[in-house]
Amino acid sequence: MLLRTGNGQLKVSAGRIRLVNGDACRSSICYNYDKIIKIKWEYVHMGVEEFLKQEEERFIRDNLMSDEVFDFIRANTLPFNQLMAYYRCAIMEVETKFKVLNEQFSLQYDRNPIESIKTRIKSTEGIIKKANKKKIPFTMQSIEENIRDIAGIRVICSFSEDIYMLADCLLQQDDIRLIEMKDYIKHPKESGYRSLHLIIEIPIFLQNEKRPMKVEVQLRTIAMDFWASVEHKLRYKKNIPDSEAESLAVELSDYADQLADLDYKMEQIKKRIVDAEKQSEPTGERKKPLPTIGGMLVKSRINGLIK
Ligand code: 0O2
């Protein structure tokens, strides 16, 4: 038996109902025939995409919001909110450390290694998803022990050299304990993703207590950040056909390599500027800022033409 819907067909055979989209039979979306006929008969009248969306929402309701999660939320709302507040404090501590380093470099070397800092606390939904993915018990202790990226700080630099320099400066501080370092710059992910990840522990000082908190620090260049934010969008888009998603992923992986190459070239330019500065005679007084290098080039070419 075949039932036509907006964008596809529902195929009923041997007591099972299957969603068929074009030629591809998506066996992952296979439901009990009686159940669907009784409860979800209206699906027959809606488009396949809408059907998938509703099923996904149902999946989240049924699987993420289990009795265990509901019981946990009921019993732990206050301690959970308190824990999240501690994570926010830990983020403040780490952010301040990076701001101090940036300030010091600005004074000492007249440059800022940090372009920007972004912080975030993982959403409750994100925590539930990760707990389910890691198959850990849903208790306060297990969440705190096993989910290490509830507090996240992302430091964006212009050059990858600065990433390693800042990571070293942070890890040298005696109140920081490194739990794990993942170097996705030297060893990029298959997707092309690049960043330096540090899982650290930092103490926060409360009224009567010193509490170590875990924080995930992601350090990346502007180019790496640009790539990751575009790729992240693709990752969470649900309605892209598989073949298109695959070809976009291949292209993105190629662009990640190109951006890494560009990062390297920009770093070389910076080094040449620093070397050129070092070689020039120190006059003791500060030079007037030069027009842009590109502007100077155009000017000298014009002068050449005029002569
Ligand atoms: P969000 O919303 O960014 O927080 P672990 O956390 O160590 O138990 P996991 O998840 O394997 O295990 O850690 P991983 O892969 O070292 O780092 C996870 C985070 O890095 C992700 O966070 C992303 O922020 C980022 N990331 C890792 N791989 C990719 C990638 O291929 N593309 C993009 N755009 N980002 C990536 P979350 O948990 O996904 O969510």
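In case you missed it, the structure is sitting above this.
Residues numbered from 1 in each chain as written. Predicted model: local features only at pLDDT ≥ 70, side-chain atom pairs only at ≥ 80, totals over all residues. Heavy atoms only, no water.

### Quick look at the site of the ligand
Lining the immediate surroundings of the ligand are 18 residues, of which Arg120, Lys134, Tyr184, Lys189 and Glu231 lie closest. One of the side-chain N or O atoms of Arg120 is found 2.6 Å from an oxygen atom in the ligand. Between a nitrogen atom of the ligand and a side-chain N or O atom of Glu231, the distance comes to 2.7 Å. The protein chains hide 78% of the 760 Å² of surface that the ligand would expose on its own. Looking at the shell around the ligand, the elements with two or more residues in it are helix 4 (124-134) and helix 7 (222-235). Its residues assigned to classes, the shell around the ligand comprises 3 nonpolar, 4 polar and 11 charged. (Near = heavy atom within 4 Å. Polar contact = N/O pair within 3.5 Å; in protein donor to acceptor, adjacent residues only side chain to side chain. Areas by Shrake-Rupley, 256 points an atom, 1.4 Å probe, with all protein chains shown as cover. Helix = DSSP H or I, 4+ residues; strand = E, 2+ residues; numbered from the N terminus. Nonpolar A, V, L, I, M, F, W, Y, C, P; charged D, E, K, R; others polar.)

### Brief notes about the nonpolar core
Grouped together as the largest cluster of nonpolar side chains are 45 residues, with contacts concentrated most on Phe98, Val155, Leu166, Val215, Val217 and Leu219. For this core, the secondary-structure elements that each account for two or more residues are helix 3 (67-109), helix 4, helix 5 (140-146), strand 6 (151-157), helix 6 (160-172), strand 8 (196-205) and strand 9 (210-221). If one sorts the elements of this core by residue count, helix 3 sits on top with 13 residues. Apart from residues no more than four positions distant in its own chain, Val215 is found in contact with Ala90, Val94, Arg148, Ala151, Ile153, Leu198, Ile199, Ile200 and Ile202. Judged by nonpolar contacts, the second largest core, of 9 residues, contains Tyr184, Tyr193, Ala223 and Ala256. (Core = buried A, V, L, I, M, F, W, Y, C linked by side-chain atoms within 4.5 Å. Buried < 20%, exposed > 50% of the residue type's maximum accessible area, 1.4 Å probe, protein only. Contact = heavy atoms within 4.5 Å.)

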